[in-house]
Amino acid sequence: MHIVVCIKQVPDSAQIRVHPVTNTIMRQGVPTIINPYDLFSLEEALRLRDRNGGEVTCVTMGPPMAESALRKCMTYGADRAVLLTDRFFAGADTLATTYALAHLVTKVTEHWGAPDIVFCGKQTIDGDTAQVGPGIAKRLGLLQLTYVQKIEHCDLAAREIVVHRRAEGGIQVLKAKLPCLVTMLEGTNDMRRGTMEDAFRAARAEIVTWSAAQAQIPDLAFCGLKGSPTIVKKVFAPPPRAEKAFQIGVEGKTAGDISETLVAEIFKRQPGLEQDLTKSAGADF
Amino acid sequence: MSDTAKPKPAAASRANTKKELPEHLKAYKHVWVMVELERGVVHPVSWELMGEGRKLADQLKVDLAAVVLGPPGGTEAAVTDAFGYGADVCYLVENNSLADYRNEPYTAAMTELVNTYKPEILLLGATNLGRDLAGSVATTLLTGLTADCTELAVDAEGSLAATRPTFGGSLLCTIFTLNYRPQMATMRPRVAPMPLYRAGRSGRIQRHEVSLPEESIVTKLIDFLPDGTTGKANLPYADIVVSGGLGMQTAENYQLVRDLAAVLGAEWGGSRPLVQKGWITSDRQIGQTGKTIRPRLYIAAGISGAIQHRVGVEGADLIVAINTDKNAPIFDFAHVGIVADAMKVLPALTEAFRKRLAPAAMRPAAE
């Protein structure tokens, strides 16, 4: 079985700071991580490989430094990793990104065989669009199974897959055919620690690195900023509200006093709320 | 809005930042909203989008259309409500293959509608269904899609200006799809208010037949396991929400948030770091990457109020913030603030509400 997992190296957004005066992003020293949503897909891929035999290939598009994220994937147990890196890809929106990644998967197929499943993260924590997985699927003509909670059954011989997919109000149990593209829901598994053997292998491994030309991306006009139908016209910090919060004085007061003042203030501003709450509280007695 | 922010977006240096719509795309007109009809129920985000779509259509002086996809005989209520919430036209595809959401037939039907009737703007909810569908449709049509918008507007040239958080929610950006059609955008539940419903309002129904033979669809729905109704978080549509942040210091202290929520019959949640620490589950995360809420009352304890949190709560009628740091950004958008230790105020507040809300007969005689 051959499984391709698309990952992305992202800044650890919990640690991004905005300069209070200039509103610019303070990138310096922000550590990068593998997009956390990707790990649920990677772990699922590794489990399928462990069960069925075969190989897991991790791929990404990004700057040369994204190599470290791919190496990390190998410490978890991925069999190989491929980095697509070129200045032509800079500034890509979701459509341009899927163009490059779909062609990357095609190139991986030429080298190591067609994937039975392509996995993507549900979304990234920096872009948060959740659109790249569906875009790759459409471009490769693969069926897509998104927000998957569980792969119930994956039969390589029958080319059949059954998954539990999170939908509004419940879980859809869907039967589809391989090959397909799957995005896993968060919290569906725990990433393994990886063995010592994997760690040594990862440290020595060559990360396959391709430029646009080496990956034979057909038309650079569809890549990067140039190939992106959306354009960002401005970046800004949201303006503060005209009025700052009305402060309830705390000087020399007990928590009880403060709380009673606050309750009175809340119901003064939302009189309807008090009526509704009193009504429902009364109904309990 | 402030336009003084730096850095200058990279796009400013590009040649194609000007609107030069190719001739064949000039026929694209009108604003469409995809109505998410699943198992007989329309997701309220569709009506919220109808309200936003109405404003865009009025500004552009074009029609607002609803797109309803569903099984034969199962769409009547959705169509009636679409007009009630402001649609002028309803594009209706009824087909047995559209009984349950599946990507293949829905993408096929939506793509065919767009190619036939040519809308300039297409809006979808940023739900699992909407995000699954939007990516496939945009890629099929090779057009731009702006996901999870917090604000939609039309600029002086009539282009859709879609604003969304960027850089992990620390800044906002405004994105345009100038020279491709349709301009697609998704918006999360509760970002926009529910528009007024006008009973008896009606419009034109445009039925469209799409050939979707079941044998051509690979994906089969073999079962549906409905969620239990108890114990499930429903933050987006809650009337009152109480939440905690890192200022709560320990997982044990977080119980104080739940205690207050219990007295108010409220939903409880928290900021993103609490999910990362495992104090709360991700379905209770409030903010750009969690749930957007619009309660009548929101009480935030020990939350500093980063932009990614702010965009998720700004729709609340009344925001109360309790934080020890008087310079915390949350006081820039809260309505009522208390600079104090949440661990002391929360139990007292729980008690104060309990007293105030007790039925008259239960109150001490002195009151």
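Every chain is numbered independently, its residues counted from 1 as its sequence is written. Each chain takes a letter, starting from A, and each ligand takes a number, starting from 1, following the order in which they are written. Local features in a predicted model are, by the rule used here, given only for residues with pLDDT of at least 70; side-chain atom pairs are given and counted only at 80 or more, and totals for whole chains, interfaces and linings are based on all residues. Hydrogens are left out, water is left out, and the side-chain values use all remaining heavy atoms of the structure.

### Let's talk about the overall build of chain B
We apply this condition: Here a strand is any run of E in DSSP of at least two residues, a helix any run of H or I of at least four, and the numbering for each starts at the N terminus. Radius of gyration here uses only the C-alpha atoms, and the compact-globule reference equals 2.2 Å multiplied by the residue count raised to the power 0.38. Only protein chains enter the accessibility calculation, which uses a 1.4 Å probe. A residue is then buried if its area is under 20% of the maximum for its type, exposed if over 50%, and partly exposed in between.
For chain B, the helix and strand inventory stands at eight helices and 18 strands. Computed over C-alpha atoms, the radius of gyration of chain B comes to 23 Å, within 12% of the 21 Å expected from 2.2 N^0.38 for 367 residues, which places it in the range of a compact globule. Seen through its C-alpha atoms, chain B measures out along the principal axes to roughly 70 × 50 × 40 Å. The buried share of chain B, reckoned over its 367 residues, is 60%.

### Some words on helix 4 (residues 128–141) of chain B
All names here are of chain B. Rule in force here: Take the number of residues in a helix, subtract one, and multiply by 1.5 Å to get its expected span.
Between its first and last C-alpha, helix 4 extends 20 Å over 14 residues, near the 20 Å set by a 1.5 Å rise per residue. Of the positions making up helix 4, those classed as buried are Leu129, Gly130, Arg131, Asp132, Leu133, Ala134, Gly135, Ser136, Val137, Ala138, Thr139 and Leu141. In the stretch just after helix 4, Leu142 is the one whose phi turns positive, near 55°.

### Points about the sheet that holds strand 7 (residues 80–84) of chain A
The condition is simple: Should DSSP find at least two bridges between two strands, the strands are taken to pair. Orientation is described by lines fitted to C-alpha atoms, with helices fitted over the stretch in contact, and by angles between N-to-C directions that extend from 0 to 180 degrees. Residues are treated as being in contact if the distance between any of their heavy atoms lies within 4.5 Å.
Reading across from one edge, 13(A)-7(A)-6(A)-1(A)-8(A)-12(A)-9(A)-10(A)-11(A)-13(B) is the order of the ten strands in this open sheet, with mixed pairing throughout. Each edge of the sheet is formed by a strand with only one pairing partner; in this case those strands are strand 13 (208–210) of chain A together with strand 13 (220–226) of chain B. Neighbour-to-neighbour, the strand axes of this sheet turn through a mean angle of 30°, independent of strand direction. Here five bridges tie strand 8 (residues 117–121) of chain A to strand 12 (residues 180–184) of chain A, and the two strands are oriented parallel to one another. Residue pairing across strands places Val118 of chain A opposite Leu181 of chain A, the latter belonging to strand 12 of chain A. Seen against the sheet, helix 2 (residues 67–76) of chain A touches strand 6 (55–61) and strand 7 of chain A and runs at an angle of roughly 165° to strand 7 of chain A. Its contacts with the sheet place helix 3 (residues 94–112) of chain A against strand 1 (2–6), strand 6, strand 7, strand 8 and strand 13 of chain A, and it is angled at close to 145° to strand 6 of chain A.

### Describing the domain arrangement of chain B
Residues and elements named next belong to chain B. Filter applied, for reference: Each domain's extent is set by a domain assignment, obtained either automatically or from a database. Summed over both partners, the accessible surface that disappears when two parts come together, traced with a 1.4 Å probe, is what is meant by buried area. Whenever Lys or Arg places a side-chain nitrogen within 4 Å of a carboxyl oxygen from Asp or Glu, that contact is recorded as a salt bridge. Pairs of N or O atoms are called polar contacts if they sit within 3.5 Å, as long as, within protein, a hydrogen donor faces a hydrogen acceptor (for residues adjacent in sequence, only side-chain-to-side-chain pairs). In this classification, the charged set is Asp, Glu, Lys and Arg, the nonpolar set is Ala, Val, Leu, Ile, Met, Phe, Trp, Tyr, Cys and Pro, and all remaining amino acids, among them Gly, are polar.
We note that the domain assignment places domain 1 (24–216) and domain 2 (240–362) within chain B. Centre-to-centre, using C-alpha coordinates, domain 1 lies 34 Å away from domain 2. Taken together, the 15 residues of domain 1 in the interface contact eleven residues of domain 2. Approximately 960 Å² of surface area, both sides summed, lies buried where domain 1 meets domain 2, with 45% of it carried by carbon and sulfur atoms. Remark: the boundary between domain 1 and domain 2 carries zero salt bridges. Counting across the interface, domain 1 meets domain 2 through five residue pairs in polar contact (both at pLDDT 80 or more). Every element with two or more residues in the side of domain 1 that touches domain 2 is listed here: strand 9 (160–166) and strand 10 (171–176). The residue makeup of the side of domain 1 that touches domain 2, split by class, is seven nonpolar, four polar and four charged.

### Regarding the sheet that holds strand 11 (residues 183–187) of chain B
Residues and elements named next belong to chain B. Spatially, seven strands are ordered 7-11-6-1-4-5-12 in an open sheet, and the strand pairing comes out parallel. Here the strands that pair on one side only, and so sit at the sheet edges, are strand 7 (145–149) and strand 12 (204–207). When the angles between neighbouring strand axes are averaged without regard to direction, this sheet yields 25°. In this sheet, strand 4 (residues 64–70) lies alongside strand 1 (residues 31–35) in parallel orientation, the contact comprising five bridges. The residue of strand 4 that forms the bridge with Val33 is Ala66.

### Focus on the domain arrangement of chain A
Parsing chain A into structural domains produces domain 1 (2–222) and domain 2 (240–285). Averaged C-alpha coordinates put domain 1 of chain A and domain 2 of chain A at centres separated by 48 Å.

### Examining the packing of helix 4 (residues 132–140) of chain A against helix 4 of chain B
Using the following cut-off: Angles are sorted into four bins: roughly parallel if under 35 degrees, roughly antiparallel if over 145, roughly perpendicular if 65 to 115, and oblique for all others. Helix crossings are classified by the rotation of the near helix relative to the far one: an anticlockwise turn of less than a right angle makes the crossing left-handed, while a clockwise turn makes it right-handed.
Taken N-terminus to C-terminus, the directions of helix 4 of chain A and helix 4 of chain B make an angle of 45°; their axes are 8 Å apart at the nearest point. One way to sum up the angle between helix 4 of chain A and helix 4 of chain B is to call them oblique. When you trace helix 4 of chain A past helix 4 of chain B, the crossing you get is right-handed. For the pair formed by helix 4 of chain A and helix 4 of chain B, the contact residues are Pro134, Gly135, Lys138 and Arg139 of chain A on the first element and Arg131, Asp132, Gly135, Ser136, Thr139 and Thr140 of chain B on the second. Here the contact of helix 4 of chain A with helix 4 of chain B is composed, by residue class, of one nonpolar, five polar and four charged.

### A word on the interface of chain B and chain A
The interface of chain B with chain A comprises 96 residues on the first partner and 90 residues on the second. Buried area between chain B and chain A, both sides added, is near 8400 Å², and the carbon and sulfur share of it is 60%. For the pair chain B and chain A, the interface holds six salt bridges. Residues that form the side of chain B that touches chain A fall into these classes: 48 nonpolar, 26 polar and 22 charged. Here two bridges tie strand 15 (residues 246–247) of chain A to strand 18 (residues 336–339) of chain B, and the two strands are oriented parallel to one another. Its bridge partner lying in strand 18 of chain B, Gln247 of chain A is registered against Gly337 of chain B.

### A short note on empty space enclosed by the protein
As a reminder, the rule being used: Points on a 1 Å grid, built from protein atoms alone, make a cavity when a 1.4 Å probe fits but cannot get out and make a pocket when they are open with protein on both sides within 12 Å along at least 5 of 7 lines; residues with an atom within 4 Å of a point are the lining residues. Grid points are joined across faces, edges and corners, and a volume is the space filled by probe spheres set on the points.
Applying the stated criterion to the full structure yields two cavities of 30 Å³ or more. For the largest cavity, the calculated volume is near 70 Å³. Along its surface, the largest cavity is lined by 13 residues, and Thr94 and Leu95 of chain A together with Ala138, Thr139 and Leu145 of chain B are the ones closest to its centre. Looking at the lining of the largest cavity, the elements that each hand over two or more residues are helix 3 of chain A together with helix 4 of chain B. A per-class count over the lining of the largest cavity returns four nonpolar, eight polar and one charged.

### Examining the side chain of Ser259 of chain A
Inspection of the secondary structure assignment puts Ser259 of chain A in helix 6 (residues 255–269). Apart from the residues within four sequence positions on either side, Ser259 of chain A is in contact with Val345, Ala348, Leu349 and Ala352 of chain B.

### With respect to the nonpolar core
Let me state the cut-off plainly: Buried residues of nine kinds, namely Ala, Val, Leu, Ile, Met, Phe, Trp, Tyr and Cys, make up a nonpolar core once their side-chain atoms join them within 4.5 Å.
One finds Ile117, Phe119 and Ile161 of chain A to be the most contacted residues of the largest nonpolar core, which totals 40 residues. Take this core: its biggest share by element is six residues, from helix 1 (residues 36–52) of chain A. When sequence neighbours within four positions are dropped, the list of residues in contact with Ile161 of chain A reads Ile117, Leu145, Ile151, His153, Cys154, Leu174, Lys175, Ala176, Lys177, Leu178, Cys180 and Val182 of chain A. Formed by 38 residues, the second largest nonpolar core is a distinct cluster that contains Leu262 and Phe267 of chain A together with Trp268 and Ile322 of chain B.

### Topic: the packing of aromatic side chains
Test applied: To pair, rings of Phe, Tyr and Trp, with the six-membered ring standing in for Trp, must have centres within 6.5 Å; the planes then decide the type, stacked if under 30 degrees apart, edge-to-face if over 60, and tilted in the middle. Two conditions define a charge located above a ring, namely a distance within 6 Å from the ring centre to NZ of Lys or CZ of Arg, and an angle within 35 degrees of the ring normal.
All told, the structure shown has nine aromatic pairs over all chains when counted by the stated rule. Where Trp112 of chain A meets Trp210 of chain A, the ring centres are 6.0 Å apart and the plane angle is 15°; that geometry is what we call stacked. On the criterion of sequence distance, the pair formed by Trp112 of chain A in helix 3 and Trp210 of chain A in strand 13 is long-range, its members being 98 residues apart. Ring plane angle 65° and centroid distance 4.8 Å describe the contact between Tyr85 of chain B and Tyr197 of chain B, whose orientation is recorded as edge-to-face. Here Tyr197 of chain B lies in the loop between strand 11 and strand 12 and Tyr85 of chain B lies in the loop between helix 2 (76–84) and strand 5 (89–94), a separation of 112 residues in the sequence. Each residue in the set Trp32, Tyr91 and Tyr117 of chain B is aromatic and connected to the rest through ring pairs, giving one cluster. We note Lys233 of chain A situated over the ring of Phe176 of chain B; from NZ or CZ to the ring centre the distance is 4.6 Å. A cation sits over an aromatic face here: Arg39 of chain B above Phe224 of chain B, 3.7 Å from the ring centre.

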